[in-house]
Amino acid sequence: MIKWIKQLKTAFGLAFLWLVCLIYFTQGFRSFVWTAVSYQLKDRLKLSPSASQFVFSIAFFPWSIKPIYGILSDCIPIKGKKRIPYLVIATVMSFVPWLILGINETSMSSMWHLIILLTLQNLGSAMADVVIDAMIAEAVRCEKALFAGDLQSMSWLAMAFGGVCGSLLGGYALTNLEIDIIFLLFSLLPAIQLFSCGLVGENSVDDKVLSEFSNSSDSHLLNGKTNNSDEDSSLEMKSSVSARKRKKSKKQSKKTQFMPRKVQTQSAGKGKSLALQWFQSLKDATYSLCHAFKQPIILRPMAWFFLAHVTVPNLSTVMFYYQTEFLKLEASFLGTARVVGWLGLMIGTFTYNQYLKKMRLRRILMLAHIGLAFLNLFDIVLVSRTNVDFGVSDKALVLCGSALSDAINQLKFMPFLILSGQLCPPGIEGTLFALFMSINNLGSTVGSFVGAGLASILNISSGSFNNLLLGVAIQLFCTFIPIMLLFLIPKEATGIAS
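Basis of the calculations
Residues numbered from 1 in each chain as written. Predicted model: local features only at pLDDT ≥ 70, side-chain atom pairs only at ≥ 80, totals over all residues. Heavy atoms only, no water. Helix = DSSP H or I, 4+ residues; strand = E, 2+ residues; numbered from the N terminus. Buried < 20%, exposed > 50% of the residue type's maximum accessible area, 1.4 Å probe, protein only. Contact = heavy atoms within 4.5 Å. Areas by Shrake-Rupley, 256 points an atom, 1.4 Å probe, with all protein chains shown as cover. Salt bridge = Lys/Arg side-chain N within 4 Å of Asp/Glu carboxyl O. pLDDT = per-residue confidence, 0-100. 1 Å grid on protein atoms, 1.4 Å probe; cavity = no way out; pocket = protein on both sides within 12 Å on 5 of 7 lines; lining within 4 Å. Points joined across faces, edges and corners; volume = space filled by probe spheres on them. Nonpolar A, V, L, I, M, F, W, Y, C, P; charged D, E, K, R; others polar. Phe/Tyr/Trp six-rings, centres within 6.5 Å; stacked < 30°, edge-to-face > 60°. Lys NZ or Arg CZ within 6 Å of the ring centre and 35° of its normal. Core = buried A, V, L, I, M, F, W, Y, C linked by side-chain atoms within 4.5 Å. Axes fitted to C-alpha atoms, helices over the stretch in contact; angles between N-to-C directions. Parallel < 35°, antiparallel > 145°, perpendicular 65-115°, else oblique. Left-handed = near helix turned anticlockwise from the far one by under 90°. Patch = residues over 30% accessible without salt bridge, like charges linked within 9 Å, V, L, I, M, F, W, Y side chains within 5 Å. Expected span 1.5 Å × (residues − 1).

Digging into the overall build of the protein
Along the backbone of the protein there are 20 helices and 0 strands. Expressed as a percentage of the 498 residues in the protein, the buried residues total 58%. Counting contacts in the protein only where the partners sit at least 6 residues apart, residues at least 24 apart contribute 87% of the total. As presented, the protein carries roughly 20500 Å² of accessible surface, and 66% of it is formed by carbon and sulfur atoms.

Examining the pattern of salt bridges
Summed over all chains, the structure comprises 7 salt bridges. The partner of Lys 42 in a salt bridge is Glu 325, with the nearest N and O atoms 2.8 Å apart. Taken as a pair, Lys 42 in helix α2 (residues 14-44) and Glu 325 in helix α13 (residues 316-326) lie far apart in primary sequence, 283 residues in all. A salt bridge links Asp 394 to Arg 385; the shortest N-O distance between them is 3.0 Å. The exposure class of Asp 394 is buried, given its relative accessible area of 16%. Residue Arg 385 is classed as partly exposed on the basis of its relative accessible area of 23%. Salt bridges sharing common partners tie together Lys 42, Asp 43 and Glu 325.

Points about the confidence of the model for the protein
Detail in the predicted coordinates should be disregarded across regions flagged by low pLDDT. Per-residue pLDDT for the protein averages 79, and the proportion of residues at 70 or more is 80%. Considering only residues more than four positions removed or in separate chains, one finds that residues 207-271, a stretch of pLDDT under 50, has 195 contacts.

Quick notes on the side chain of Ser 38
Relative to the assigned elements, Ser 38 resides in helix α2. For Ser 38, the residues in contact, after removing those within four places along its chain, are Phe 56 and Phe 320.

What to know about empty space enclosed by the protein
Taken as a whole, this structure holds 5 cavities of 30 Å³ or more when the rule is applied. For the second largest cavity, the calculated volume is near 90 Å³. Contributing to the lining of the second largest cavity are Ile 23, Thr 26, Gln 27, Arg 30, Ser 94, Gln 121, Gly 124, Ser 125, Ala 128, Phe 186, Pro 190 and Gln 193. Among the secondary structure elements, those contributing two or more residues to the lining of the second largest cavity are α2, α7 (111-139) and α9 (179-197). Counted by class, the lining of the second largest cavity contains 4 nonpolar, 7 polar and 1 charged residues.

Remarks on the packing of aromatic side chains
Overall, the coordinates contain 17 aromatic pairs when judged by the stated rule. Residues Phe 25 and Phe 29 carry aromatic rings whose centres are separated by 5.5 Å and whose planes lie at 20° to one another, so their mutual orientation is stacked. Taken together, the residues span about one helical turn, with Phe 25 and Phe 29 both in helix α2 at a distance of 4 residues. In this structure an aromatic cluster arises from ring pairing among Phe 25, Phe 29, Phe 32, Trp 34, Phe 56, Phe 60, Trp 98, Phe 161, Phe 183 and Phe 186. When the ring centre of Phe 333 is taken as origin, the NZ or CZ atom of Lys 395, which lies over that ring, is 5.3 Å away.

Digging into the nonpolar core
Counting residues in each nonpolar core, the largest one holds 125 residues, and the members touching the most others are Trp 34, Trp 98, Met 135, Phe 183 and Leu 468. Here this core takes 16 residues from α2, the largest share from any one element. Those residues within four positions of Trp 98 in sequence are excluded, and the remaining contacts are Val 33, Trp 34, Val 37, Leu 118, Gln 121, Phe 183, Phe 186 and Ser 187.

Focus: the packing of helix α5 (residues 84-103) against α7
Remark: α5 packs on α7, axes separated minimally by 8 Å, with the N-to-C direction vectors making an angle of 150°. Comparing their axes, α7 and α5 come out roughly antiparallel. Our pair here, α5 against α7, has a crossing hand that is left-handed. The segment α5 lies against α7, with Ile 84, Tyr 86, Leu 87, Ala 90, Met 93, Ser 94, Pro 97, Trp 98, Ile 100 and Leu 101 engaging Leu 114, Leu 117, Leu 118, Leu 120, Gln 121, Leu 123, Gly 124, Ser 125, Met 127, Ala 128, Val 131 and Met 135. Residues that form the contact of α5 with α7 fall into these classes: 18 nonpolar, 4 polar and no charged.

Concerning the packing of α2 against α13
The N-to-C vectors of α2 and α13 enclose an angle of 65°; their axes lie 12 Å apart at closest approach. In this structure, α2 crosses over α13, and the sense of that crossing is right-handed. Facing Ser 38, Tyr 39, Leu 41, Lys 42 and Asp 43 of α2, the residues of α13 in contact are Phe 320, Tyr 321, Thr 324 and Glu 325. Along the lines of polarity and charge, the residues of the contact of α2 with α13 split into 4 nonpolar, 2 polar and 3 charged.

Overview of a nonpolar patch on the surface
Together, Trp 18, Ile 192, Phe 195 and Leu 199 line one region of the surface with nonpolar side chains, adding up to about 430 Å² of accessible area. Assignment of secondary structure puts Trp 18 in helix α2.

As for α7
In this model α7 runs 42 Å from its N-terminal to its C-terminal C-alpha over 29 residues, within 8% of the 42 Å that 1.5 Å per residue would give. Most of α7 is tucked away: 21 of the 29 residues are buried.

Regarding the environment of Pro 190
Mapped onto the elements of the fold, Pro 190 is located in helix α9. Assessed through its relative accessible area of 3%, Pro 190 is described here as buried. Spatially, the C-alpha atom of Pro 190 lies 9.4 Å from that of Trp 98, the residues being 92 residues apart in sequence.

Focus on the environment of Phe 16
Among the secondary structure elements, Phe 16 is positioned in helix α2. Here Phe 16 falls in the buried class, since its relative accessible area comes to 9%. Considered as a pair, Phe 16 and Met 135 are 119 residues apart in the sequence and their alpha carbons are 9.3 Å apart.

As for unusual backbone geometry
Of note in the backbone geometry, Lys 79 takes a positive phi value of approximately 55° without being a glycine. Mapped onto the elements of the fold, Lys 79 is located in the loop between α4 (66-75) and α5. On the basis of relative accessible area, Lys 79 is assigned to the exposed category, the value being 80%.

Encoded structure:
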């Protein structure tokens, strides 16, 4: 282990490794503070479950537009640099909202102030994620390509470690500290991240090649993040398998029969202003992205993954209210349940790599949704109190459901990563993959809106869970809808590039 770290230090430098690990650790550690946000909405603002889910849906929307950040950092350098300045801006946007929430009581007491600050914070986090992915992609080019998998593995370990620490400490902090203190404590991480940005150097970009979009195709290639209101998905994006599969997928791109629009950089024209060069660069990047996405072989599978989220109402916030208000489960226990969820996700990744990657994706996705329907039965048993009749404790059922839920969702997400990598045509792999991730995130956001609407229609509130059983039953029925749409997935596609 120590020898491995020394090799990475020699290849990339200590400052760069520290920045990568810190950013991914912070992304995983976000569960520490977002648990506090859930309790702030429920206990302090007295919001209904549907209103809380609405707040989360709005706040996490910036994760659905990640390609915009990538295109901006690729095409418009700031003082000749494309990465560090944007990372500094992103870190400031991540730091300031938590600082304001920690010292300003008014901002914590207003739902709309909270929405604005949380959305700004997620904007910074999503932008930082895109930029650090681009920096990793650039760092492993050419002679350092041998270490691509190692750097990816290190980022995964850092995020997993951050997630476990955040989940464990989050429950303890809620029991012993005020929520504003939790916000201030978490703000220390982006503050350290802001300082660390100054430790990493970056070469200036030649303005004459600003419009050469294809040169930045590796940006945002290695990782992606899913947005989920309960922070489940922040893990899903760091699978080391995805990086290797996307590299192999370049050899498969003949299936798409598509080549991106050729960007004319040689005749950029000395008379053109810098602003016009930037505009042309953004125009060409957007054109290539849209033209690629309109190909049926790309559009149809992405439509399935989007619809798989939209057609199934997300009732996670409603279940959080039920677990804390009706079942009286402590914050410390819910933190433990999240740790079990992380372990379940790792088991899901291992299971996929060992036993399922040769299976057709249609079958994997069908089995995943059948598994999710089975897990819905856990919620039905919990809400109907049937478990009490058989002597099964609420905590045991919640822990089991948390582990299985994250494991099965990972089985569903892994095919998304693999198929996305296989579908990306050469020249714009990175940005198009970021678009795929954003579509997945947008579907999750819309699914949360649908869940909030369902909870509102059924009049489910903090003090009334009479119709929650009906809501869970509707969710169970909707889980089978994506199975009927599997014709959108390529019939012969598997998890191995051929």
